[in-house]
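Below, each chain spelled out in residue letters.
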Amino acid sequence: MSDYKDKTISEMIKLKASELGFDLCGITPSRPLKEREKILSDWCSSGMNAGMSYLSRDIYKRLDPQFLVPDAKSLIVTGLSYYSDKMQTEPGVPVISRYAYGSGYQDVIKKKLYKLLAFIKSIRPETEGRPFSDSAPLLEKAWACEAGLGWQGKHSIVINKKIGSFFFIGALVINIELDYNEPQKMEFCGNCRICIEQCPTGAINDDRTIDARKCIANLTIEDRGPIPEDIIPKIGRRIYGCDKCQEVCPWNRDAKSHKTPEFDLSDELQKMSAHQWLNLTREQFDRLFKDTPVERRKYEPFMQNISAVIKTKP
Ligand code: SF4
Ligand code: SF4
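Worth saying up front: this structure is predicted, and the values here are computed from it rather than measured.

Q: Before we go on, may I ask you to explain the overall build of the chain in this structure?
A: For the chain, the count of helices and strands is twelve helices and eight strands. Against the 2.2 N^0.38 benchmark of 20 Å for 314 residues, the chain shows a C-alpha radius of gyration of 20 Å, consistent with a compact globule. Structurally, the chain occupies a C-alpha span of about 65 × 40 × 35 Å along its principal axes. Every one of the 314 residues in the chain was classed for burial, and the buried ones make up 51%. Put simply, the chain shows about 15300 Å² of open surface, and 51% of that area lies on carbon and sulfur atoms. The chain carries 47 positive and 43 negative side-chain charges, and their two centres are separated by 2 Å.

Q: Would you mind showing me how to read the environment of Q304 here?
A: Tracing the chain through its elements places Q304 in helix α12 (residues 299–311). The spatial distance from the C-alpha of Q304 to the C-alpha of E283 is 16 Å, given a sequence separation of 21 residues.

Q: How should helix α1 (residues 9–19) be read in this particular structure?
A: Side chains that are three or four residues apart share a direction in an α-helix, a result of its 3.6 residues per turn. For α1, the full list of buried residues reads I9, S10, M12, I13 and A17. Projected onto a plane normal to the axis of α1, the buried residues spread over an arc of 160 degrees and lie on a single side. As for α1, its buried residues are in contact with β1 (24–29), β2 (74–81) and α4 (105–123). With its phi angle positive at about 105 degrees, G21 sits one or two positions after the end of α1.

Q: Even after reading the chapter, I still don't get the pattern of salt bridges, so can you show me in this structure?
A: Should the charged atoms of two oppositely charged side chains come close, the side chains can pair. Scanning the entire structure with this criterion turns up 18 salt bridges. Put simply, R208 and E187 hold a salt bridge, and the shortest N to O gap is 3.3 Å. Of this pair, R208 sits in the loop between α6 (194–198) and α7 (216–221) while E187 sits in the loop between β7 (167–174) and α6, placing them 21 residues apart in sequence. On the basis of relative accessibility, which here comes to 33%, the residue E187 falls in the partly exposed class. R287 serves as the salt-bridge partner of E268, at 2.9 Å between the closest nitrogen and oxygen. Here E268, found in helix α9 (residues 267–271), pairs with R287, found in helix α11 (residues 282–288); they are 19 residues apart in sequence, far enough to count as distant. Judged by its relative accessible area of 39%, E268 falls in the partly exposed class. Each of R31, E35 and E146 takes part in salt bridges that share partners, so that together they form one network.

Q: Can you walk me through the side chain of T28 in this structure?
A: Along the chain, T28 falls in strand β1. Among all residues touching T28, those that are not within four sequence positions of it are S74, L75, V77, W143, E146, A147 and Y180.

Q: Honestly, the packing of α1 against α4 in this entry has me stumped. Any pointers?
A: Helix packing geometry: the angle between the two helix axes and the distance between the axes. Where α1 contacts α4, the two axes come as close as 10 Å, and the packing angle between them is 150 degrees. Classed by the angle they form, the pair α1 and α4 counts as roughly antiparallel. Remark: the crossing between α1 and α4 carries right-handed chirality. Residues I9, M12, I13, K16 and A17 of α1 lie in contact with α4, whose contacting residues are L116, F119, I120 and I123. Considering only residue class, the contact of α1 with α4 consists of eight nonpolar, no polar and one charged.

Q: Teacher, can you tell me more about the sheet that holds strand β4 (residues 129–132) here?
A: In sheet architecture, strand pairing relies on hydrogen bonds along the backbone and comes in two forms, parallel and antiparallel. On the basis of which strands lie adjacent, the open sheet formed by four strands has the order β1-β2-β7-β4 and antiparallel pairing. If you trace the sheet from one side to the other, it starts and ends with β1 and β4, each paired once. On average, each strand axis in the sheet is inclined to that of its neighbour by 20 degrees, with strand direction left out of account. Relative to β7, β4 runs antiparallel, the two sharing four bridges. Its bridge partner being in β7, F132 is matched across the sheet by A171. Sheet strands touched by α1: β1 and β2. Its angle to β1, the strand with the most contacts, is close to 145 degrees. Running over the sheet, α4 touches β2, β4 and β7 and is turned about 35 degrees from β7.

Q: How should the nonpolar core be read in this particular structure?
A: Nonpolar side chains in soluble globular proteins generally cluster together in the buried interior. I76, L116, I120, W277, F289 and F302 are the most contacted members of the largest nonpolar core, which totals 60 residues. The element contributing the most residues to this core is α4, with eight residues. Apart from residues no more than four positions distant in its own chain, L116 is found in contact with I13, K16, A17, L20, I76 and L172.

Analysis parameters
Within every chain, residues take consecutive numbers counted from 1 along the sequence as written. Chains and ligands are labelled by the order in which they are written, letters from A for the one and numbers from 1 for the other. Two thresholds apply to this predicted model, a pLDDT of at least 70 for residue-level local features and 80 or more for giving and counting side-chain atom pairs, whereas whole-chain, interface and lining totals are computed over all residues. Just so you know, side-chain values use all the structure's heavy atoms and leave hydrogens and water out. Strands here are runs of E lasting at least two residues and helices are runs of H or I lasting at least four, both read from the DSSP assignment and numbered beginning at the N terminus. Atoms considered for the radius of gyration are the C-alpha atoms alone. The globule rule reads 2.2 Å times the number of residues to the power 0.38. Exposure categories follow from relative accessible area, calculated using a 1.4 Å probe and restricted to protein chains: below 20% of the type maximum is buried, above 50% is exposed, and the middle band is partly exposed. What sets the accessible areas is the Shrake-Rupley method with a 1.4 Å probe; for residues, cover comes only from the shown protein chains. We count Lys and Arg on the positive side and Asp and Glu on the negative side, and we leave His and both chain ends out. Throughout, a charge is located at the NZ atom of Lys, the CZ atom of Arg, the CG atom of Asp or the CD atom of Glu. By definition, the arc is the one covered by directions from the helix axis to the C-beta atoms. Should any heavy atoms of two residues lie within 4.5 Å, those residues are considered in contact. Any Lys or Arg side-chain nitrogen found within 4 Å of a carboxyl oxygen on Asp or Glu counts as a salt bridge. Fitted lines through C-alpha atoms serve as axes, helices being fitted only where they are in contact, and the angles separating the N-to-C directions of these axes extend from 0 to 180 degrees. Our angle categories are set so that under 35 degrees counts as roughly parallel, over 145 as roughly antiparallel, 65 to 115 as roughly perpendicular, and the remainder as oblique. For any pair of crossing helices, the crossing counts as left-handed if the nearer helix is rotated counterclockwise from the farther one by less than a right angle, and right-handed if it is rotated clockwise. Here the nonpolar group is Ala, Val, Leu, Ile, Met, Phe, Trp, Tyr, Cys and Pro; Asp, Glu, Lys and Arg are the charged ones; every other residue, Gly included, is treated as polar. For two strands to be treated as a pair, DSSP must find at least two bridges joining them. Buried Ala, Val, Leu, Ile, Met, Phe, Trp, Tyr and Cys residues that are joined via side-chain atoms within 4.5 Å together make up what is termed a nonpolar core.

Here it is in structure tokens:
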């Protein structure tokens, strides 16, 4: 506890977040993000939210954390790296996105945020709050920028100058006031357009939004239907998610492997052959992907993705 001596509560929270394994932590006041309303509603009205119609409902609720935590005063926003050097090794296999390699990130992050909340309560017992990680209508990317974690790159993902963009965002919304970080005002993409030019399906718009109707990540994860015929030739071997726009980004050139064992790719998945992927049984799917993001896709749609990418490639 000596490291906590003479520190403010906000400094102690950031130190505790680091001890819990978070790579990034910033704090920002809760407020309605009115300035985001037009971008979000224009994006939905243009149809670029694809099948995610829930995004267009009650947009005002997505902008204001008070709808999730009625006495919200502050958001403690965290970043947890999931970048991994350990990747699938066999040639020609279907590829899954790095973020889905290991256990469900939402649970991992929420457990850490609950520990952070308990720590804050030990100092300020009146504290109440709720942790979020991709689990409620909260504009997490926007809050990460508000808390100074980084800027939204042209691919719309938040980039941090030190660790790049392969990180999960978590947020703890609490009812006490703290010292706040400066929002990230500057962006450091400059004249670069690499992600826009190299996106296999041309899904990245010029205004830092994504056309989900074309985005491989959406089509292989969220979308319930088969992958559209015109997209299949462009999809490569991606069957669950797509890392291309992050892989080509110069800010990820020096990305370091994460330190969260739960996010590791298993040896079995790493070494699976194309034949094994194509003949994956329901039992194997249930065992290999239990408690991982892939589990959400369900067996049949997942196998449709595998057939689409394997059968169309030499
Ligand atoms: S995830 Fe893939 S398809 Fe989607 S915008 Fe990035 S590069 Fe394009
Ligand atoms: S690839 Fe270039 S334009 Fe795209 S997010 Fe990275 S720095 Fe920005």
